[in-house]
Each structure stands twice: as structure tokens, then as C-alpha cells.
Amino acid sequence: MLTFEYFLQQLVTGLANGMLITLVAIGYTLVYGIVEMINFAHGDVFMLGAFSSVTTLQALGAQAVKRVANKDQPPIPETYLWLVVALITSMVFCATLNVLIERLAYRRLRRGSRMAPLISAIGVSFILQNVGIYWKGVSPINFPRYIPQIDLVKAFGIDSFVRVTTKDVFVFVVTVPLVIALTLFIQRTKLGKAMRATAQDRDAAQLMGIDINRTIALTFLLGGALAGAAGLVSGLYNNTAGFQMGFSYGLNSFTAAVLGGIGNLNGAMLGGVFIGILGAMSDGYLDARWTPVVIFGTLNLVLIIRPSGILGQDLAERA
Amino acid sequence: MDKIAPKSRRTLLKTVTAVAGAVAGTSLPTLASAAPAAQGAEVIKIISSLPLTGPSYGQSISVVNAIRMAIEEAGRKAGNYFIEYEALDDATAAAAKWMAEKEAENANKALNDPDTMVYIGTMNSGAAKVSIPILNQANLVMISPANTYPGLTKPGKGEANEPDVYYPSGSRNYTRVVPADDLQGAVGANWAKKLGAKTAYVIDDTELYGKGIADVFVATAEKIGIKLVGRSGIDGKASDYRAVATNVRALKPDAVYFGGITDNNAAKVLKDLRDGGFEGSFIGPDGIFDTTFLKTAGDAAEGAYCTFGGVAVSAYEGSAKEFAEKYKAAYGADPEAYAIYGYEAAKVALAAIAAAGVKDRTKIRDAVFATKDFKGILGTWSFDANGDTSVTTMSVSIAARLADGTLSWEKVEILTAG
């Protein structure tokens, strides 16, 4: 069990999970960076993203992967098109939803006490969970297999215990470009500059002529879109979806964001990948029942030793 | 605007009424079955406590329907008493499964209602652990249609302080009409052996029931020569079990035994195992013996085995078959696996109330425990001093694809556990 190949296999699982966590964690960290609130409803937006993806794919009549002789067959070309459509639909759906939530539940509370939007966020989280229950029921649902699972290591003719499947690769193919695009957007564009300025000093930014409401709405839009993408990818990768998935993913992602230094984009990525790998290693080398203890124990340690998180120095600038 | 207002208000009122109606409609099973306004005769109430919210809903509502059927068939009467029935829910939407707080609330409700003489429940052994001691204070008898954890009744089969820890008054008040897991876990291991398994990997959901039955499986497996190559406990809320699947792939066991329930992600565990390349046999206990498991697992479920303290509905014979037909006529669907036990539990309760002849919790409890050579739908059976049934029929079912493409649990074999 303690072979290097076994370690590599857990690493692959951890990295794929970590990328998914990163996508959701970015939503937490973007919002925190700009309005200094934890958007507790974010995980549930992600959950509704998974639900909307499965609904879209079924409505489009996408065909699930067929298995012949215990081997997944490559999907018909149409499926790829439907997957892209579902990705865009889910991103647009979650982005719109997130902007609406900000407009209806948070904006008016922005100047109030810090607790007000936080409690409002918990309320929105309950509402979204119940929408989820109404939509797909309380039992976890089967997310059909639209992505075939083909072992690429074997396909290249290497005989190894490690399997990197098309499903693992799919997670990276969607998540990595999205994360890069977001980083470029924030660093290189005018709107991204406005976001950074608002995060640094909201009042000064307003005096410089930045539309604060629009900039904050944009932040929720971006976070929501990434959650929507994560919803689809998670459904295709895990093949289940349920109204509670927002809670478990949300908790892990929130932990990742805090661990990396909440408000810091690179921190969310680092934290996401770290939590993913930590979880997989704990599952593999300890026992799955200890994984929550390991993850939250690490979070506690980081908060004690370095309260601002691993890359949290950016926060000091604002304090 | 003024002219429009009254109309729109009426529309709103209509909507509200419709919504209220819909809500009342969905919660109907938790309402009392309309008892006749008892003139002259006294009322005795039977309460059931089962998870009516969450993946267990299908199974639980089937049990509730069967209890109601048994009471209706008896003309809502037992001896000189009118019988009232109320179905309580011990699950919450937020948890999507049973909750200890909710079960305690239900037990206290029954305890504090002077008319309640019998408590039919629970579905989950962990929930019984909560309600037995509460009801024990008043000798209020419990009849469970589904609990299978041995430690609830049998000394030496659970933890050291079990089962006495559940009975603070010193006398027993808990019975069950299903055979316990010390039989079922053993049947699971024997089945693995019969399938030719030499090695096994055990996964449990760390709950009382799941871990308990997995322990029995492990103990039996070692005795009959199946080597345990690994064991994991899982978090029922985790998003995936790939790491566990990797363990299984590394250890290449012939069989995987899952001790746990559908509500704790059993279907996802099986999916990840199959995705991870596990091609051996998957065996689970009655905790996954429902249609929700099959639906959620999809293709991965095909070929999975499941043990059950009783017989699959598709294999009913004689009076059990009649029951299934009557049930289908009344409720428009086949009963789930535990419905027949709900029916039997209600029959035992009615017989005990009639035999006791008085509205007294202690006397009715004694009458339930005195159930001997009861000619029920499960055969002729008795309760022993622990409150366990003498029935030992066990069966193994397989998840098979029917001609119409749906998955169903089909009988493979019926065994009598010794």
C-alpha cells in the first residue's frame, strides 16, 4: 500500500478535487475581498449550478456514455456541443442568480452592521437549499455519465497502478483556463482594476469615479459564473448531485479560502489544491472517517499560527 | 388601482389557500387517520415514528400505509377500544435522515399523551437507542418494524453495557418483528463465501447500525475463512470516495461489504468503486434494500447483492402475497421491503391491546411480550424474553435489470439462519 504509485494515485484524486474546490473557493474570496462578508449562500449557488446542468443536458437529449464489455465508449460528437451549451447555461444561470442575491439580500445591508449581511446570507442559503429540494427532491440524484472514463496511462501503453482518466483530465481542462482567465481579467482589464481599487478602499474608489454598486455586482457575477462551472464539472466528475452538496463543498471551499488567506485570489487557489490533496492523503493513509478532523484541525493550526492565512499579507494593507 | 385591488387580493387568498392545501396534502401521512368520534368507547392511540423526510421516505411511507391497512382491516377496533393512529416523522429536511433530537421529541410526545399505548418504530437502530430509554420510564411498549442492531436487545452481542443501558427501569419495553443483524451480518459473510470470495474489504458508515453489522460480517468472515484485507469508515456527507476506491483497487478483494444505509451515500460508494475499476461482488445489508439506492447508483448498481431479514416483495407467497396485492390495490404501488413488518407490528399491537383488555401501558406491554405462536403474515412465531422474534428467515437479493430497463431487487435465495 505504501508504494510511490499509490501516493501518485491519491495525488491525482487530490488535485482534481482541489481544482473543483478552488473554483468554489474563488467565489468566497472574491466577495470577501471586496465587501468583507462571507457569502454563506455561495455553496448552494454551486449546488443549483449542478442541478441546472443536469436539467439542461437532459432537456437537450444528450446521450449518456455507453459501456460495451466493461469499457466506456467515446461519446457521439454532439455530446461535446451539448456539454459546452450546458457549461455556458450553468455559468449564466449561477452568475445571474448570484447578482440577484447580492441585489436583493445584501446591498441594502452593506452599510449596516457586519453581522447583518452575514445572517442574510445564511437565510439565502436555506432558501436555495429548499429550492434544491423542490427541484430535485431530497435524495441524491444520478448525474448520468456524459464523460467516458478511459484510462489514459494505459492508453499510452504504460502499465501502471496509477490511472489518470479522461474524467480527471476533463476537470483540469475546464478549471485551469477559467482560473487563468479570471486572474488575467483582474490584473489586466479596467474593470479588474476597478475591482482591486474597490477592495482596497471603497470610499476612495468611489471618489475616483468608480461605480461601486456595479463593481460589486460584477464580483458576484464572476463568483457565480465560476460556481456554475464548478457545478457542471462536479456533476460530470462525481456523477451524483444532491441538495446537500453545496454544504459539504462549501465548507471545504470556505476552509480553503481562509487557509490560503481570504480575500487573496492566489491564496484561494493554493488553499483549494492544498485541501484537495490533504483530503485525498488523509482518506488514503489514515481513514476516510478522520478526514474532516484532519482538514479542520489544519485550519485551526493555521488560524492559530498565522491568522491571516498562508498568503494573507495583502489583508494588512487594508486594515 | 382601487378597483383592481380587491380582485388581486382574492387571487392572493386563493393562492394562499391552494398552497396551504398542497402543504396539508403532502403532510397527510403525519396526520391522524380519521378516527370515528368514539361514542361510549374509549380511544387507544398507536404512534409510529419513522423517517418520512429524505431518501427513506419511500420505505417509511410504505410502512405507514401498511400499519394503517392493518388498523383499517380490524375496523379500527381492538377489544373494546377504538384505535387511533398517528404517524410521526423522525427526520428533518436539513439532515435528510433521522435526527436524534426529532426522535426524542416524538418519544416524549408519546410518553406525555395518556392515550398512547403502543409506539411502532423506529426505522434506524440509532434512533431506537434514543427513544427506548425515554419510553422505558413508563413501560410504554415499542414494536420496531425495522431495527436490526443486535445490541438493542441481546446481551453479549453489542457493547459491554448493552442492552441494559437502554432500560433504566430494569424491565424491558422494546420488541422487534425483524431478525437482528447477528443473523444478517453472518448471512452476508456466508453469501460472500458462496460467491467464492477469499478476501473481503469492509466499508461502514460509522453509524450504530452500519458499523454494528459490518463488525458481525468481519467476525463471521474470519470464522469461515474469508480474509479481511482492509476496512474503512466513511463520512456519509463526503463528496466522493475515490481514495477508498483506490485502496480497494490496490488490495484487489474478491468482495466488498458495505455496512450502512442509503441515506449515507451508499450509492455513491458503489459508483466510485466501480469507476475505480473494482469488478468483484458488492454486498450490502437491508440498509440499502430500497429503490432509492438503485435509482441513485444507476448502472453501477447492477449485480449488487443485498441481504434482508425476510423475503423480497417479488418473492412473496401465500398470505404475504395477498398482503402485497391488497396493498397495491389500496395504494397503487408495490409495498417496499419493510411494509410487511409494519403490518405485522400493527397486528401484534392490536392483538395485545385486545388480550390485555385494559388501557394500561404495563399490561399492554406484558401482552406484547407474551406474544406466542402468533399466526401472522410472517408465519407462526413468538417473541422471546429479549423481545426478539423467533423468525429467522433471511434472503439474498440481486439488483437486476428488468425487461423494461428499470433496476429492481430480485430474489436470489432464501436462507434460514441458525
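Structure's up top.
In this text, all values refer to a predicted model and were calculated from it rather than measured experimentally.

About the criteria used
- Residues numbered from 1 in each chain as written.
- Chains lettered and ligands numbered in written order.
- Predicted model: local features only at pLDDT ≥ 70, side-chain atom pairs only at ≥ 80, totals over all residues.
- Heavy atoms only, no water.
- Helix = DSSP H or I, 4+ residues; strand = E, 2+ residues; numbered from the N terminus.
- Buried < 20%, exposed > 50% of the residue type's maximum accessible area, 1.4 Å probe, protein only.
- Lys, Arg positive; Asp, Glu negative; His and termini not counted.
- Charge placed at Lys NZ, Arg CZ, Asp CG, Glu CD.
- Contact = heavy atoms within 4.5 Å.
- Areas by Shrake-Rupley, 256 points an atom, 1.4 Å probe, with all protein chains shown as cover.
- Salt bridge = Lys/Arg side-chain N within 4 Å of Asp/Glu carboxyl O.
- Pairing = 2+ DSSP bridges.
- Core = buried A, V, L, I, M, F, W, Y, C linked by side-chain atoms within 4.5 Å.
- Polar contact = N/O pair within 3.5 Å; in protein donor to acceptor, adjacent residues only side chain to side chain.
- Nonpolar A, V, L, I, M, F, W, Y, C, P; charged D, E, K, R; others polar.
- Right-handed = clockwise from strand over helix to strand, strands pointing away.
- Phe/Tyr/Trp six-rings, centres within 6.5 Å; stacked < 30°, edge-to-face > 60°.
- Lys NZ or Arg CZ within 6 Å of the ring centre and 35° of its normal.
- Patch = residues over 30% accessible without salt bridge, like charges linked within 9 Å, V, L, I, M, F, W, Y side chains within 5 Å.
- Axes fitted to C-alpha atoms, helices over the stretch in contact; angles between N-to-C directions.
- Parallel < 35°, antiparallel > 145°, perpendicular 65-115°, else oblique.
- Left-handed = near helix turned anticlockwise from the far one by under 90°.
- Expected span 1.5 Å × (residues − 1).

(A) Layout of the overall build of chain A. Each helix and strand in chain A was counted, giving 13 helices and four strands. The dimensions of chain A, computed from C-alpha atoms along their principal axes, are 65 × 45 × 40 Å. Within chain A, the proportion of its 319 residues that are buried is 56%. The positive charge centre, built from 23 side chains, and the negative charge centre, built from 16, are 6 Å apart in chain A.

(B) Region of interest: the overall build of chain B. For chain B, the count of helices and strands is 12 helices and 17 strands. Counting the 418 residues in chain B, one finds 58% classified as buried. Taking the intrachain contacts of chain B between residues at least 6 apart in sequence as the baseline, contacts between residues at least 24 apart amount to 72%. As displayed, chain B has an accessible area near 16,000 Å², and 55% of this comes from carbon and sulfur atoms.

(C) Representation of the pattern of salt bridges within the structure. In total, this model carries 30 salt bridges over all chains according to the counting rule given. Notably, a salt bridge pairs A:Glu102 with A:Arg107, separated by 3.4 Å at the nearest N-O pair. Across the pair, exposure class does not vary: A:Glu102 and A:Arg107 are buried alike. Here B:Asp182 and B:Lys157 are joined by a salt bridge, their closest N and O atoms 3.0 Å apart. A residue pair is termed long-range when its members are at least 10 positions apart, and B:Asp182 in helix α5 (residues 181–194) and B:Lys157 in the loop between β7 (141–144) and β8 (174–176) qualify at 25 residues. Among the charged side chains, a salt-bridge network with shared partners connects A:Asp287, A:Arg289, B:Asp204, B:Lys211, B:Asp215 and B:Arg231.

(D) Fine view of the sheet that holds strand β3 (residues 81–89) of chain B. Residues and elements named next belong to chain B. Taking strand neighbours across the sheet as the criterion, the six strands line up as β2-β3-β1-β6-β7-β8 in an open arrangement whose pairing is mixed. Two strands bound the open sheet, and with one partner strand each, they are β2 (77–78) and β8. Pairing analysis gives two bridges linking β2 to β3, with the strands arranged antiparallel. Residue pairing for β3: Lys77 is matched across the bridge by Phe82.

(E) Local environment of the nonpolar core. Among the nonpolar cores identified, the biggest contains 89 residues, and A:Leu57, A:Tyr106 and A:Leu236 are the most heavily contacted of them. Those residues in contact with A:Leu236 that sit more than four places away from it in its chain are A:Leu57, A:Leu83, A:Phe143, A:Tyr146, A:Ile147, A:Lys167 and A:Phe170. Core analysis: the second largest hydrophobic core is formed by 83 residues, B:Ile83, B:Met117, B:Met123 and B:Ile364 among them.

(F) Fine view of the interface of chain A and chain B. Counting residues at the interface gives 34 residues for chain A and 34 residues for chain B. Our count for the contact surface shared by chain A and chain B stands at three salt bridges. Residue B:Asp275 pairs with A:Arg145 through a salt bridge whose shortest N-O separation is 2.7 Å. Put simply, chain A and chain B have 17 residue pairs in polar contact (both at pLDDT 80 or more) between them. Those elements that place two or more of their residues in the side of chain A that touches chain B are α1 (4–35), β3 (141–142), α9 (212–238), α10 (245–260) and α11 (265–286) of chain A. Tallied by class, the residues present in the side of chain A that touches chain B amount to 14 nonpolar, 14 polar and six charged.

(G) Quick peek at the pairing of strand β11 (residues 255–259) of chain B. All names here are of chain B. In terms of burial, β11 is a largely internal element, five of the five residues being buried. Neither face of β11 is open: one carries Ala255, Tyr257 and Gly259, the other Val256 and Phe258, and all of them are buried. For strand β9 (residues 199–204) and β11, the ladder comprises five bridges, and the chain directions are parallel. Residue pairing across strands places Tyr201 opposite Val256, the latter belonging to β11. As paired elements, β11 and strand β12 (residues 281–284) share three bridges and run parallel to each other. Among the inter-strand pairings, Tyr257 is bridged to a residue of β12, identified as Ile283. Taking the sense of rotation as the criterion, the β-α-β connection linking β11, helix α8 (residues 266–275) and β12 turns out right-handed.

(H) Broad picture of the side chain of A:Ser253. All names here are of chain A. Position of Ser253 among the secondary structure elements: in helix α10. We classify Ser253 as buried; its relative accessible area is 0%. Excluding its chain neighbours within four sequence positions, the residues that come into contact with Ser253 are Ile21, Val24, Ala25 and Tyr28.

(I) Inspection of the packing of aromatic side chains at higher detail. The tally for this structure, following the rule as stated, stands at 23 aromatic pairs over all chains. Here the aromatic rings of A:Tyr106 and A:Phe220 are separated by 5.8 Å at their centres, their planes lie at 45 degrees, and the arrangement is tilted. Of this pair, A:Tyr106 sits in helix α3 (residues 77–106) while A:Phe220 sits in helix α9, and the two are 114 residues apart along the sequence. A residue is classified by how much of its surface remains accessible, and A:Phe220, at 1% relative accessible area, is buried. Seen from the ring of B:Phe82, B:Lys77 lies directly overhead, with NZ or CZ sitting 5.7 Å from the centre. For the cation-ring pair, B:Arg242 lies above A:Tyr237, with the distance from its terminal atom to the ring centre recorded as 3.6 Å.

(J) Expanded view of a nonpolar patch on the surface. Residues and elements named next belong to chain A. On the surface, Phe93, Ile127, Val131 and Trp135 cluster together to form a nonpolar patch covering roughly 340 Å² of accessible area. At three residues, the largest contribution of residues to the nonpolar patch is made by helix α4 (residues 115–136). Following the sequence through the fold, Phe93 ends up in helix α3.

(K) Geometry of helix α12 (residues 361–369) of chain B. Residues and elements named next belong to chain B. Where α12 is concerned, the buried positions are Arg361, Ile364, Arg365, Ala367, Val368 and Phe369. Looking at the buried positions of α12, the neighbouring elements they touch are β1 (43–50), α3 (100–112), β6 (116–121), β7, β8 and α11 (339–356). Its side-chain oxygen placed 3.0 Å from the backbone nitrogen of Thr362, Asp360 serves as the N-cap of α12.

(L) Spatial organisation of the side chain of A:Thr22. Looking at the secondary structure, you find A:Thr22 in helix α1. Looking at A:Thr22, the relative accessible area reads 1%, which means it is buried.

(M) Structural view of unusual backbone geometry. Residues and elements named next belong to chain B. The omega torsion of the bond from Gly121 to Thr122 falls at 5 degrees, within 30 degrees of zero and hence cis. The topology assignment puts Thr122 in the loop between β6 and α4 (125–136). A cis amide bond links Glu162 with the next residue in sequence, Pro163, at an omega value of -5 degrees. In this structure, Pro163 sits in the loop between β7 and β8.

(N) Structural view of the packing of helix α2 (residues 42–59) of chain A against α9(A). All names here are of chain A. Two numbers describe how α2 lies on α9: the axes approach to 7 Å, and their chain directions differ by 55 degrees. Taken together, the axes of α2 and α9 are oblique relative to one another. Along this stretch, α2 crosses α9, giving a crossing that reads as right-handed. Of the residues in α9, those in contact with His42, Val45, Phe46, Gly49, Ala50, Ser53 and Leu57 of α2 are Gly223, Gly224, Ala227, Ala230, Gly231, Leu232, Ser234 and Leu236. Partitioning the contact of α2 with α9 into residue classes produces eight nonpolar, seven polar and no charged.

(O) Seen up close, α11(B). Residue and element names in this part refer to chain B. The first and last C-alpha atoms of α11 sit 26 Å apart over 18 residues, in line with the 26 Å expected at 1.5 Å per residue. Taken across its 18 residues, α11 has 13 buried, putting it largely inside the fold. Remark: Gly357 follows α11 within two positions and exhibits a positive phi of approximately 75 degrees.

(P) Looking closely at the pairing of β3(B). All names here are of chain B. Among the nine residues in β3, eight count as buried, and that is most of the element. Relative to β3, β1 is paired through eight bridges, and the arrangement is parallel. Bridge pairing in β3 links Ile46 to Tyr85. In this antiparallel pair of consecutive strands, β2 and β3, the connection spans two residues, and Gly79 shows a positive phi of 60 degrees.

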